[in-house]
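# Observations on chain architecture
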Amino acid sequence: MPAWGSCVTRVTFVPIQFFSVVVPHCSRGCVRIVGHALRRLLGWVDEHGNPTQEQVCSSSRELSRLTRLSRQHVHEGQPTAQRNDYSDEPRRH
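Nothing here was measured: the structure is a model prediction, and the numbers come from that model. (Residues numbered from 1 in each chain as written. Predicted model: local features only at pLDDT ≥ 70, side-chain atom pairs only at ≥ 80, totals over all residues. Heavy atoms only, no water.)

## Some words on the pattern of salt bridges
On inspection of all chains with the given rule, the structure shows one salt bridge. Close ionic contact of Arg-40 with Glu-62 constitutes a salt bridge, the shortest N to O distance being 3.9 Å. Taken together, the residues span a long stretch of sequence, with Arg-40 in helix 2 (residues 28-42) and Glu-62 in helix 3 (residues 60-67) at a distance of 22 residues. Given the relative accessible area of 19%, Arg-40 is considered buried. (Salt bridge = Lys/Arg side-chain N within 4 Å of Asp/Glu carboxyl O. Helix = DSSP H or I, 4+ residues; strand = E, 2+ residues; numbered from the N terminus. Buried < 20%, exposed > 50% of the residue type's maximum accessible area, 1.4 Å probe, protein only.)

## Concerning the packing of helix 3 against helix 4 (residues 71-83)
Here helix 3 crosses helix 4 at 105°, and the two axes come no closer than 9 Å. Relative to helix 4, the element helix 3 is oriented roughly perpendicular. Of helix 4, the residues touching helix 3 (which contributes Ser-60, Arg-61, Leu-63, Ser-64 and Thr-67) are Arg-71, Val-74, His-75 and Gln-78. Taken together, the residues of the contact of helix 3 with helix 4 sort by class into two nonpolar, five polar and two charged. (Axes fitted to C-alpha atoms, helices over the stretch in contact; angles between N-to-C directions. Parallel < 35°, antiparallel > 145°, perpendicular 65-115°, else oblique. Contact = heavy atoms within 4.5 Å. Nonpolar A, V, L, I, M, F, W, Y, C, P; charged D, E, K, R; others polar.)

## Thoughts on unusual backbone geometry
Among all residues except glycine, the phi angle is most often negative; among peptide bonds, the trans geometry is most common. Phi angles above zero are rare outside glycine, and Arg-68 is one such case at about 60°. Here Arg-68 is to be found in the loop between helix 3 and helix 4.

## Brief notes about the side chain of His-36
Assignment of secondary structure puts His-36 in helix 2. Exposure remark for His-36: the relative accessible area of 11% places this residue in the buried category. Contacts of His-36, omitting those with residues within four sequence positions, involve Val-56, Ser-58, Leu-63, Leu-66 and Thr-67.

## Observations concerning the nonpolar core
Listed in full, the eight residues of the largest apolar core are Phe-18, Val-22, Cys-26, Cys-30, Val-31, Val-34, Leu-38 and Ala-81. Taken together, the elements giving at least two residues each to this core come down to helix 1 (16-25) and helix 2. With four residues, helix 2 is the single largest residue contributor to this core. Discounting residues that sit within four places of it in the chain, Val-22 has contacts with Gln-17, Val-31, Val-34 and Tyr-86. (Core = buried A, V, L, I, M, F, W, Y, C linked by side-chain atoms within 4.5 Å.)

## Brief notes about the packing of aromatic side chains
Under the criterion given, the structure shown has one aromatic pair. Judged by centre distance (5.3 Å) and plane angle (80°), the rings of Phe-18 and Phe-19 are edge-to-face. Using a relative accessible area of 12% as the deciding quantity, one classes Phe-18 as buried. (Phe/Tyr/Trp six-rings, centres within 6.5 Å; stacked < 30°, edge-to-face > 60°.)

## Notes on the packing of helix 2 against helix 4
Running from amino to carboxyl end, helix 2 crosses helix 4 at an angle of 75°, the nearest separation of the two axes being 7 Å. On the basis of the axis angle, helix 2 is roughly perpendicular to helix 4. Contacts between helix 2 and helix 4 involve Arg-28, Gly-29, Cys-30, Ile-33 and Val-34 from the first element and His-73, Val-74, Gly-77, Gln-78, Thr-80 and Ala-81 from the second. A class-by-class count of the residues in the contact of helix 2 with helix 4 yields five nonpolar, five polar and one charged.

In structure tokens:
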């Protein structure tokens with residue numbers, strides 16, 4: 001066994017529909033919001049490859065910070081993602 005331990009690949013498999021449907025047909029805000037959700041859902045898996053989260057909840061402020069979008073672009077991108085069934089309606093706390 002190597003001195004640095006076993007080599008485990010950390011790869012996020014993104015559904016091809018993200019690149020063929022979302023990216024070419026949606027606004028930058030929508031693309032970044034959907035991409036962020038995919039990263040949070042598919043980027044963190046357990047040892048069996050199952051997502052560690054089943055839902056992603058982020059505030060507009062958090063989405064703005066994590067996607068590097070203005071809050072205006074976040075508010076414009078969310079309805080597009082919802083209208084196209086890429087995400088659910090945001091919850092009000």
